[in-house]
Structure formats: C-alpha cells, structure tokens
Amino acid sequence: MTPDDVIAVSVLEQRLFPVDAWPLHMFYDELAQPDTRWYLVAEGSEGIVGYAGLMCIEPIADVQTIAVVPEYEGRGIGTTLLTRLIEEARRRYALDMLLEVRADNPRAQQLYRRFGFEQIHVRPRYYRDGVDALIMRLQLAGSTGEGTGDGTSAEAGQP
C-alpha cells in the first residue's frame, strides 16, 4: 500500500466496516511508520479489492486490519493477504502474532484457525456496536503459517 492507495482503501473501509471504519488519516499515519508498520493491497480488474496491515514491535506482531470486498471472497485473496502478513512478521523476527476479530464473524475466525491462530481472550463490547472481540494468537516459532483459506473478509484491530 502506498499513499496513492489510501483514498481507495478508505472508501472500501467505509463500505466494509461502516460502524468501525478507520478515519482516512489513520491509514496515512500507519504508512508513515515503516519501521513498525507494513501494509499491502490486493488488486483486481476493478482496482483495489483487499488490503491488510501489520504492526510489528519485536517480539509481537499485530494484525491491524485485513479485508476483502465481498464480490472477491472465495478467491484466496484473504488467505494470500494473511500469508503475506505472517511472512512479514517472521521477517521482522516476531515470535507471536495477535489479532482481534469480531465474535460475530465466524468466517474470519475459521480463516484464522486454519492458519493455527487460537483464541486466548475476549474483549467484551470492543466494537462500537457492542460486539465482543476475540483475541487470537499465532505462535510463529515452529509454525508454518500456511492455510487453505478461501479469501475471507475480516476486520482485526479496529478501534
């Protein structure tokens, strides 16, 4: 993801997560911290169809966000984005990867479980609409970080 992508990503963010969408400036702020942040986009014939972001402060990596537009779900985009985040976390020497996922998003939870994430905690009423967040962790030491997902839309780490 580059600054040129931010407006298109923000439009998708508002569409996909209207209750918990990040404000535009947060994407710019995240991109301005390359020492600890890493963001990427997935592009289709119609432009950006997915995006994901990572914060890594050794030894912990945190999935900041991951999303795929519904029209492109089931094509392996979510799997590819998550795979790339895990690879980057390892490159940055993270030992554990954490994320928050909505308790009412079983499809995203299934994707994460396929990669070996385990639920370690619940944050009650974490999201603005009162839905709990499940805290999930992947221990990177010795794990393959490979899954067989199907391109799930998921939101992790939304304020």
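Cis geometry is adopted by the peptide bond preceding P59, which originates at E58 and carries an omega value of 15°. The topology assignment puts P59 in the loop between β2 (47-57) and β3 (60-68). Although it is not a glycine, Y93 adopts a positive phi angle of roughly 65°. You can see Y93 is positioned in the loop between α3 (77-91) and β4 (96-102). In this structure, R125 is a non-glycine residue whose phi angle is positive, near 50°. Along the chain, R125 turns up in the loop between β5 (118-123) and β6 (133-139). Take R125: its relative accessible area is 62%, and that puts it in the exposed class.

Once that is clear, we can look at the packing of aromatic side chains. Using the criterion set out here, one finds five aromatic pairs in the structure. Judged by centre distance (5.0 Å) and plane angle (45°), the rings of W22 and F27 are tilted. Overall, the relative accessible area of 1% leaves W22 in the buried class. Judged by relative accessible area, which is 1%, F27 ranks as buried.

With that out of the way, let us pick up the pairing of β6. The element β6 is largely enclosed, with a buried count of five among its seven residues. Where β5 lies against β6, five bridges are found, and the strand directions are antiparallel. In the sheet register, R123 faces β6, and the bridge partner there is A133.

Turning next to the pairing of strand β1 (residues 37-44). As judged from the eight bridges shared by β1 and β2, these two strands associate in the antiparallel manner. Residue pairing in the sheet places V41 in a bridge with Y51 of β2. Linking two consecutive strands that pair antiparallel, namely β1 and β2, is a turn of two residues.

Calculation criteria
- Residues numbered from 1 in each chain as written.
- Predicted model: local features only at pLDDT ≥ 70, side-chain atom pairs only at ≥ 80, totals over all residues.
- Heavy atoms only, no water.
- Helix = DSSP H or I, 4+ residues; strand = E, 2+ residues; numbered from the N terminus.
- Buried < 20%, exposed > 50% of the residue type's maximum accessible area, 1.4 Å probe, protein only.
- Phe/Tyr/Trp six-rings, centres within 6.5 Å; stacked < 30°, edge-to-face > 60°.
- Pairing = 2+ DSSP bridges.

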